[in-house]
Amino acid sequence: FLASAGALGLAIQPAVGRIPRSVLQLVVGLLLTTFGTFWAVDAAFGRFWYRFIVGDDWVIAAAVALSLVADYALLRAGYRVWWLVPVAVIAVMTFSLWRARDKPA
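Reading the values: the criteria
- Residues numbered from 1 in each chain as written.
- Predicted model: local features only at pLDDT ≥ 70, side-chain atom pairs only at ≥ 80, totals over all residues.
- Heavy atoms only, no water.
- Helix = DSSP H or I, 4+ residues; strand = E, 2+ residues; numbered from the N terminus.
- Rg over C-alpha atoms; globule rule 2.2 N^0.38 Å.
- Buried < 20%, exposed > 50% of the residue type's maximum accessible area, 1.4 Å probe, protein only.
- Lys, Arg positive; Asp, Glu negative; His and termini not counted.
- Charge placed at Lys NZ, Arg CZ, Asp CG, Glu CD.
- Expected span 1.5 Å × (residues − 1).
- Contact = heavy atoms within 4.5 Å.
- Axes fitted to C-alpha atoms, helices over the stretch in contact; angles between N-to-C directions.
- Parallel < 35°, antiparallel > 145°, perpendicular 65-115°, else oblique.
- Left-handed = near helix turned anticlockwise from the far one by under 90°.
- pLDDT = per-residue confidence, 0-100.
- Phe/Tyr/Trp six-rings, centres within 6.5 Å; stacked < 30°, edge-to-face > 60°.

1. A closer look at the overall build of the protein
Consideration 1: Looking only at helices and strands, the protein features four helices and zero strands.
Consideration 2: The order of helices and strands in the protein, counted from the N terminus, is α-α-α-α.
Consideration 3: Taking 105 residues into account, the globule formula puts the C-alpha radius of gyration at 13 Å, and the protein, at 27 Å, lies well above it.
Consideration 4: Along the three orthogonal principal directions, the C-alpha set of the protein runs to about 70 × 45 × 20 Å.
Consideration 5: Counting every position in the protein, which comprises 105 residues, the buried fraction comes to 9%.
Consideration 6: Both charge centroids of the protein, one from 9 positive and one from 5 negative side chains, sit 12 Å from each other.

2. Remarks on helix α2 (residues 21–53)
Consideration 1: Taking 1.5 Å of rise per residue, the 33 residues of α2 would be expected to cover 48 Å, and the 48 Å separating its terminal C-alpha atoms lies within 8% of that figure.
Consideration 2: Gly55 sits one or two residues past α2 and shows a positive phi near 65 degrees.

3. As for helix α3 (residues 58–76)
Consideration 1: Here α3 spans 27 Å end to end across 19 residues, near enough to the 27 Å set by a 1.5 Å rise per residue.
Consideration 2: Following α3 by one or two positions, Gly78 has its phi on the positive side, about 105 degrees.

4. A closer look at the side chain of Ser67
Consideration 1: With respect to the secondary-structure elements, Ser67 resides in helix α3.
Consideration 2: Judged by its relative accessible area of 6%, Ser67 falls in the buried class.
Consideration 3: Not counting residues up to four positions away in its chain, the partners in contact with Ser67 are Leu84, Val85 and Ala88.

5. Description of the packing of α3 against helix α4 (residues 84–102)
The relative placement of two packed helices is expressed as an angle between their axes plus a distance between the axes.
Consideration 1: Between α3 and α4, the shortest axis-to-axis distance is 9 Å and the interhelical angle comes to 160 degrees. The angle between the axes of α3 and α4 places the two elements in the roughly antiparallel class. Of the two elements, α3 crosses α4, and the hand of that crossing is right-handed. Residues Val59, Ile60, Ala63, Val64, Ser67, Leu68, Ala70, Asp71 and Leu74 of α3 form the contact with α4, whose own contacting residues are Leu84, Val85, Ala88, Val89, Val92, Met93, Ser96 and Arg99.

6. Quick notes on the confidence of the model for the protein
Consideration 1: Per-residue confidence for the protein gives a mean pLDDT of 88, with 99% of residues at or over 70.
Consideration 2: Confidence, read as mean pLDDT per element, is least for α2 in the protein (86) and greatest for α3 (91).

7. Let's talk about the packing of aromatic side chains
Consideration 1: Going through the model one piece at a time under the given rule, you end up with six aromatic pairs.
Consideration 2: Arranged with centres 5.9 Å apart and planes meeting at 20 degrees, the rings of Phe48 and Phe52 form a pair that is stacked. Pair noted here: Phe48 and Phe52 are both in helix α2, with a separation of four residues, about one helical turn.
Consideration 3: Each ring, one from Phe95 and one from Trp98, has its centre 6.0 Å from the other, and the planes form 35 degrees; the classification is tilted. In this pair, Phe95 and Trp98 are both assigned in helix α4, three residues apart and thus about one turn of the helix distant.
Consideration 4: Its relative accessible area of 40% is what places Phe95 among the partly exposed residues.
Consideration 5: For Trp98, a relative accessible area of 45% corresponds to the partly exposed category.
Consideration 6: Members of the aromatic cluster, connected to one another through ring pairs, are Phe45, Phe48, Trp49 and Phe52.

Structure follows, in structure tokens:
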């Protein structure tokens, strides 16, 4: 990969040499700003979804994920357990509220 990048650089050197320095600086600055903005927004997007899904109690997210996996496995085995996920969510939410009741504010 490094050799091909070096060969490409040598091949386009005469063409890039004719571009004014200020234009190259502008293009590189725009590229860096664009990539920086993209990664900042991407990180904020990821933080939002993590906080939305996991929230304050990771136990709820883990239990819901496990119930979805169990539902899928039982469905593939031929069982119709559409009620498993709602029951699991109600049970886990009840347990989470019961646990939060005992914690000091």
